[in-house]
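A look at the structure
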Amino acid sequence: MRLLLIEDDSRLSQSLKISLEEEGYAVDAVYDGVEGEIFALSTAYDVIILDIMLPRKDGVAVCRTLRNNNLRTPILLLTARDAVEDRVQGLDSGADDYLIKPFAFYELLARLRALLRRNAPQKKGVLVVGDLQLDPATHQVERRGERIKVNAKEFALLEYFMRNPNQVLTREMIENHIWNYDFISVSNVVDVYVRRLRRKVDDPYSIKVLETVYGLGYRLRWPERESEG
């Protein structure tokens, strides 16, 4: 999943970026409201983390502008203000949730998962496609009850597939959601990671769920048959 972090505190921003990337998220970090607005309107993000106290343009104004431009991406506000009227103002500007500083990182992760679930076809915490299961909270992947070891980037790729079951995802879509602007693209990087993932979640099993749609991209789909015969 790809996140936009708009936070002017460089130390906090860098800390959050590193921690979120360790959790498998791709993170673009910017440091003022005007730049954040440009990024948000020019790139598809899964969630925007937006600080309220920003230089050049405050977070509430940024949020309002994004909603006025019909951007529906979930927005999580970060604020040092804990007065009820400040939280109401943020939510009324179009934000989906808020988090008061200082906060525990695991609470931020929980709120991100909740925001991602709101727009997902499956509302439950655990994503399920056939006998394949992925738990965003614990970062565990299982198939037929067997634990499958994946690294952070493989987990992020599989989560993207499982949040969009039966949909063809192009290489460009995958790259845009799994990697950030700092990533130096290699022409076949998506194919390499799909092959790695396929070796773990498909090759040991007779029913294959990761499909290559030639000329278009890839799709995760549970076939109509329900058992391995």
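Residues numbered from 1 in each chain as written. Predicted model: local features only at pLDDT ≥ 70, side-chain atom pairs only at ≥ 80, totals over all residues. Heavy atoms only, no water.

As recorded by an unreviewed UniProt entry, the protein chain carries the name Response regulator transcription factor and is attributed to Ktedonosporobacter rubrisoli.

Considerations on the overall build of the protein chain
Assigned secondary structure in the protein chain consists of eight helices and 12 strands. Expected size for 229 residues packed as a compact globule is a radius of gyration near 17 Å; at 19 Å, the protein chain falls within 12% of this value. Counting only contacts in the protein chain whose residues sit at least 6 apart along the sequence, the fraction spanning at least 24 positions is 58%. A total accessible area of about 11400 Å² is found for the protein chain, and carbon and sulfur atoms account for 47% of it. (Helix = DSSP H or I, 4+ residues; strand = E, 2+ residues; numbered from the N terminus. Rg over C-alpha atoms; globule rule 2.2 N^0.38 Å. Contact = heavy atoms within 4.5 Å. Areas by Shrake-Rupley, 256 points an atom, 1.4 Å probe, with all protein chains shown as cover.)

Examining the pairing of strand β8 (residues 140-143)
By the alternation rule, side chains of β8 split into V141 and R143, which are all buried, and Q140 and E142, of which none is buried. Pairing of strand β7 (residues 132-135) with β8, which is carried by four bridges, proceeds in the antiparallel orientation. Residue L132 lies in a different strand from β8, and its bridge partner there is R143. The antiparallel hairpin formed by β7 and β8 contains four residues in its connecting segment, where H139 sits at a positive phi of about 60 degrees. One ladder, built from three bridges, connects β8 with strand β9 (residues 146-148); its direction is antiparallel. Counterpart to V141 in the pairing with β9 is I148. Linking β8 to β9, which pair antiparallel, is a turn of two residues; within it R144 sits at a positive phi near 55 degrees. (Buried < 20%, exposed > 50% of the residue type's maximum accessible area, 1.4 Å probe, protein only. Pairing = 2+ DSSP bridges.)

Some details on the sheet that holds strand β3 (residues 47-51)
What the five strands build is an open sheet, ordered β2-β1-β3-β4-β5; its pairing is parallel. Edge positions in the sheet fall to β2 (26-30) and β5 (97-100), since each has one partner strand and no second. Neighbouring strand axes in the sheet, compared pairwise and without regard to direction, differ in orientation by 20 degrees on average. The sheet contact formed by strand β1 (residues 2-6) and β3 spans four bridges and is parallel. (Axes fitted to C-alpha atoms, helices over the stretch in contact; angles between N-to-C directions.)

Looking at the side chain of E37
Along the chain, the position of E37 falls in helix α2 (residues 33-42). Given a relative accessible area of 14%, E37 falls into the buried group.

Section: the sheet that holds β9
Strands belonging to one sheet form pairs held by backbone hydrogen bonds; the direction of such a pair is parallel or antiparallel. Ordered by their spatial adjacency, four strands build an open sheet running β6-β7-β8-β9, and the pairing between neighbours is antiparallel. The sheet terminates laterally at β6 (127-129) and β9, the two strands that pair on one side only. Shown here is a sheet whose adjacent strand axes are inclined to one another by a mean of 25 degrees, direction ignored. Against the sheet, helix α6 (residues 152-163) contacts β6, β7 and β8, and its axis sits at roughly 115 degrees relative to β7.

Regarding the nonpolar core
Within the largest apolar cluster, 46 residues are counted, with the highest numbers of intra-cluster contacts made by Y25, L112, L158, F161, I174 and L220. It is α6 that provides the largest number of residues to this core, a total of seven residues. The residues touching I174, leaving out its near neighbours within four places in the chain, are L157, Y160, F161, L169, W179, V190 and Y218. In terms of nonpolar packing, the next biggest core, distinct from the first, is built from 17 residues, L4, A40, L66 and L77 among them. (Core = buried A, V, L, I, M, F, W, Y, C linked by side-chain atoms within 4.5 Å.)

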